[in-house]
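Residue-level listing of the chains:
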Amino acid sequence: METLHLSAEKQEDIKKSAEILNRGGLVAIPTETVYGLAANALDAEAVKKIFIAKGRPQDNPLIVHVSSMEEIEPLVEKIDPRAYALAEKYWPGPLTIIMKKSPLIPDEVCAGLDTVAIRMPSHPTARAIIQQSGLPLAAPSANASGKPSPTKAAHVIEDLEGRIDAVIDGGECAVGVESTVVTLAANPPALLRPGGITPDQLREVLGEIEISHAVFEKLAEGEKAASPGMKYKHYAPAARVSIVKGSFEAYKKFIEAHKEETCAVCFEGEGKYFDKSVEYGKSDDSLTQAQHIFDALREVDAMGCPTAFVRCPATEGVGLAVYNRLLRSAAFRVINLDISVPVYGITGQTGAGKSTVCEMLREKGMYIIDTDLLARKAVEDKEVLEGLKKAFGEDIVSENGLDRRLLASRAFETEEKTAILNSITHPKITELTLEEVHKAESDGFKAAVIDAAVLFESPLTSVCDKIICIVADKETRLNRIMARDNISEKDAIIRMNAQRDEEYYISHSDIIIRNETAEDTRRQINEFTEVN
Ligand code: TXA
Ligand code: MG
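From a predicted model like this one, the values you see are computed outputs, not experimental measurements.

### Considering the sheet that holds strand β16 (residues 334–336)
Consideration 1: Within the open sheet, the five strands sit side by side as β14-β13-β15-β12-β16. Their pairing is parallel. Among the strands making up the open sheet, the edge pair consists of β14 (277–279) and β16. The average undirected angle you get between the axes of adjacent strands in this sheet is 25°.
Consideration 2: Here strand β13 (residues 263–266) pairs with strand β15 (residues 307–311) via three bridges, running parallel. Among the inter-strand pairings, V265 is bridged to a residue of β15, identified as V310.
Consideration 3: Set on the sheet, helix α9 (residues 248–256) makes contact with β12 (240–245), β13, β15 and β16; between it and β15 the angle comes to about 170°.
Consideration 4: Where helix α10 (residues 286–302) meets the sheet, its contacts fall on β12, β13, β14 and β15, and the angle it forms with β14 comes to roughly 165°.

Listed below in structure tokens is the structure:
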């Protein structure tokens, strides 16, 4: 189908849009929040087309848009008095109210629920089209399902060109995130989705409200969603997005320590510090962040970056909506670089005796994080497994779980393949390690110690206050490896030679511990823990 590109500035295009809607067609229209993909809400056939065009799951209900209170009367069982009070203050505007529906609303609109979501937008073009068409308009955000919502006509075209009858360009959306969704069908009323109207603004009218836990958390397996839209992967660019909490200094160091390509999604004025970056609003201004976040997420994909780290927004007011959208686009990954406990990284060549030293540090009240263990845990993660299957073949996972041998035989074939393996597993290992660091902090340990053979290759170096390198002479290491792994001298030497030389380790570390005799090592540990 050819998608007409219309303009909000032309009266005839408003008229054309209204005609298409009356004929049962689909038109993407600007609203103050995001662009909506509109159809006649009373025409089940037209509504079905929305789900097809977006690839939207059938059980995710739509919002019905109106331009006056009178238009709502036939759509609901009865207008709740609290809806009048909310309307008085916040309509027209970025608020959606859920009430018991009337039989007039087709099941397709509310996905079989007995409630309907109603919103009165303030955007003049949306209002003009509702009025010209004389229809209540069912309109979800006009993006392909799962993608960031559209805040410009170009975003709609990117996702839906050829799949809808028309898009009407009304410039950039002022709010930038979708409306606040509140249900009056629950007691107390519940905030299902944060948006342009803040929780405090709702409380002013409604008194006590509940904030659905789905605003902050992933739904539990099998849990029924109060708002079905909350259960789907959402707002997600192709890149793997993570939210990063902490100071700009910590964020900058963390990104700089990444060897692979990343995009910094940061605040105004910060982008210049990175190779690749997109800015999304001012650091202390949730309104500008809301305006730009979806555009920024799309920009990450346009730049072709495989991973993106987003500066964490403040979560008060409209910031809650920004944070909620980011949580979903990041599949709930939050990297917290706000660390209040000293963090030491420990590394060293094979056979130098990292484990012995870690044991001594444990006795001194430090929390030891074994990244080998975490690497094994990382490959149990669903997303990591999917990535590995894609890169190394479906057959590496059977009903018994991951076939580590088969994976190793394929992944260590060439350096490029090993790099692919690392790009899939390392981010998860980093996340798990940081979770452990925070555990050390909350459990009151004196310090967290990251034990990692490949520390220098990892962005974790950026969270270490000091890097400790364990060294031992060649002969000692050789004997230890042969005894520990029960291998020949020749094999032990091959393994030793595959690593970087001692000089490299020493020059990249802050503290050197020579581990040849237990007594001497203990003396050095005592010295270290006395001053640290
Ligand atoms: O700002 C907005 O609300 C935009 C513009 C176009 O108006 N629309 C929008 O629609 O965001 P959509 O379909 O992308 O999101 C609607 C949300 C979904 O999370 C859906 O599950 C929820 O509202 N919803 C709709 N009807 C509901 C109902 N009866 N009960 C609970 N949640 C409902
Ligand atoms: Mg949506």
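### Describing the pairing of strand β8 (residues 166–169)
Consideration 1: In the sheet, strand β1 (residues 4–7) pairs with β8 via four bridges, with the strands oriented parallel. Paired with L4 across the strands is A166, a residue of β8.
Consideration 2: One ladder, built from two bridges, connects strand β2 (residues 27–29) with β8; its direction is parallel. When the sheet's bridge partners are listed, V27 is paired in β8 with A166.

### Details of the packing of helix α14 (residues 382–392) against helix α16 (residues 415–442)
Consideration 1: It is the contact of α14 with α16, at a shortest axis distance of 10 Å, that shows an interaxial angle of 170°. One way to sum up the angle between α14 and α16 is to call them roughly antiparallel. Residues V384, G387, L388, A391 and F392 of α14 lie in contact with α16, whose contacting residues are K417, I420, L421, I424, T425 and K428.
Consideration 2: Residues belonging to the contact of α14 with α16 are distributed by class as follows: seven nonpolar, two polar and two charged.

### Comments concerning the environment of Y504
Consideration 1: Take Y504: it is sitting in helix α19 (residues 502–507).
Consideration 2: For Y504, a relative accessible area of 23% puts it in the partly exposed group.
Consideration 3: Each C-alpha atom of the pair Y504 and F456 lies 10.0 Å from the other, and the pair is 48 residues apart in sequence.

### Re the packing of helix α15 (residues 404–411) against α16
Consideration 1: Relative to each other, α15 and α16 sit at 130°, their axes nearing to 8 Å. Considering their axes alone, α15 and α16 lie oblique with respect to each other. Listed contacts from α16 to L407, R410 and A411 of α15 are K417, T418 and L421.
Consideration 2: Split into classes, the residues belonging to the contact of α15 with α16 amount to three nonpolar, one polar and two charged.

### Focus on the site of ligand 1
Consideration 1: Near ligand 1 lie 25 residues; those nearest to it are T33, N60, H65, S179 and G229.
Consideration 2: With respect to ligand 1, the side chain of T115 contributes an N or O atom lying 3.0 Å from a nitrogen atom.
Consideration 3: One of the side-chain nitrogen or oxygen atoms of S179 is found 2.5 Å away from an oxygen atom of ligand 1.
Consideration 4: About the coverage of ligand 1: the protein hides 97% of its 680 Å² of free accessible area.
Consideration 5: Per-element accounting of the shell around ligand 1 gives the leading share, three residues, to strand β6 (residues 115–119).

### A closer look at the side chain of S17
Consideration 1: As for its position among the elements, S17 is in helix α1 (residues 11–22).
Consideration 2: For S17, the contacting residues outside a window of four places in its chain are L6, V27, I129 and I168.

### Thoughts on the sheet that holds strand β22 (residues 466–471)
Consideration 1: Across the sheet, five strands lie side by side as β18-β21-β17-β22-β23; this open sheet has parallel pairing. On the outer flanks of this sheet lie β18 (366–370) and β23 (511–514), each paired with one strand and no other. Ignoring which end each strand starts from, the neighbouring axes of this sheet average 25° apart.
Consideration 2: Where strand β17 (residues 343–348) meets β22, five bridges bridge the pair, whose relative direction is parallel. Looking at β22, one finds that G345 is bridged to I467.
Consideration 3: Strands in contact with helix α13 (residues 371–378) are β18 and β21 (447–451); relative to β18, the strand with the most contacts, it is inclined by about 45°.
Consideration 4: Packed onto the sheet, α16 meets β17, β18 and β21 and runs at close to 165° relative to β18.

### Here's the deal with the pairing of β22
Looking down a regular strand, the side chains alternate between one sheet face and the other.
Consideration 1: Across the six residues that make up β22, a large majority, five, are buried.
Consideration 2: Here four bridges tie β22 to β23, and the two strands are oriented parallel to one another. Bridging across to β23, C469 finds its partner in I512.

### A few points about the side chain of S242
Consideration 1: Looking at the element boundaries, S242 is found in strand β12.
Consideration 2: Look at S242 and you get buried, because its relative accessible area is 1%.
Consideration 3: Residues within four places of S242 in sequence aside, it is in contact with A308, F309, V310, A330, R333, I335 and E431.

### Comments concerning unusual backbone geometry
Consideration 1: The peptide bond linking W91 to P92 adopts the cis configuration, its omega dihedral lying at -10°.
Consideration 2: With respect to the helices and strands, the residue P92 is situated in the loop between α4 (81–90) and β5 (95–100).
Consideration 3: Cis geometry marks the peptide bond from N187 to P188, where omega comes out at -5°.
Consideration 4: Summarising the element assignment, P188 is placed in the loop between β9 (180–183) and β10 (190–193).
Consideration 5: You will see that A111, though not glycine, has its phi angle at about 50°, which is positive.

### A closer look at α16
Consideration 1: Here α16 spans 39 Å end to end across 28 residues, near enough to the 40 Å set by a 1.5 Å rise per residue.
Consideration 2: In α16, a bend of some 35° at T425 exceeds every other bend along the element, and P427, a proline, comes one to four places later.
Consideration 3: Positive phi shows up at G444, right after α16, with a value of about 75°.

What counts, and at which threshold
Residues numbered from 1 in each chain as written. Chains lettered and ligands numbered in written order. Predicted model: local features only at pLDDT ≥ 70, side-chain atom pairs only at ≥ 80, totals over all residues. Heavy atoms only, no water. Pairing = 2+ DSSP bridges. Helix = DSSP H or I, 4+ residues; strand = E, 2+ residues; numbered from the N terminus. Axes fitted to C-alpha atoms, helices over the stretch in contact; angles between N-to-C directions. Contact = heavy atoms within 4.5 Å. Parallel < 35°, antiparallel > 145°, perpendicular 65-115°, else oblique. Nonpolar A, V, L, I, M, F, W, Y, C, P; charged D, E, K, R; others polar. Buried < 20%, exposed > 50% of the residue type's maximum accessible area, 1.4 Å probe, protein only. Near = heavy atom within 4 Å. Polar contact = N/O pair within 3.5 Å; in protein donor to acceptor, adjacent residues only side chain to side chain. Areas by Shrake-Rupley, 256 points an atom, 1.4 Å probe, with all protein chains shown as cover. Expected span 1.5 Å × (residues − 1). Bend = angle between axes of the 7 residues up to and from the residue.

Keep in mind these values describe shape, not function.
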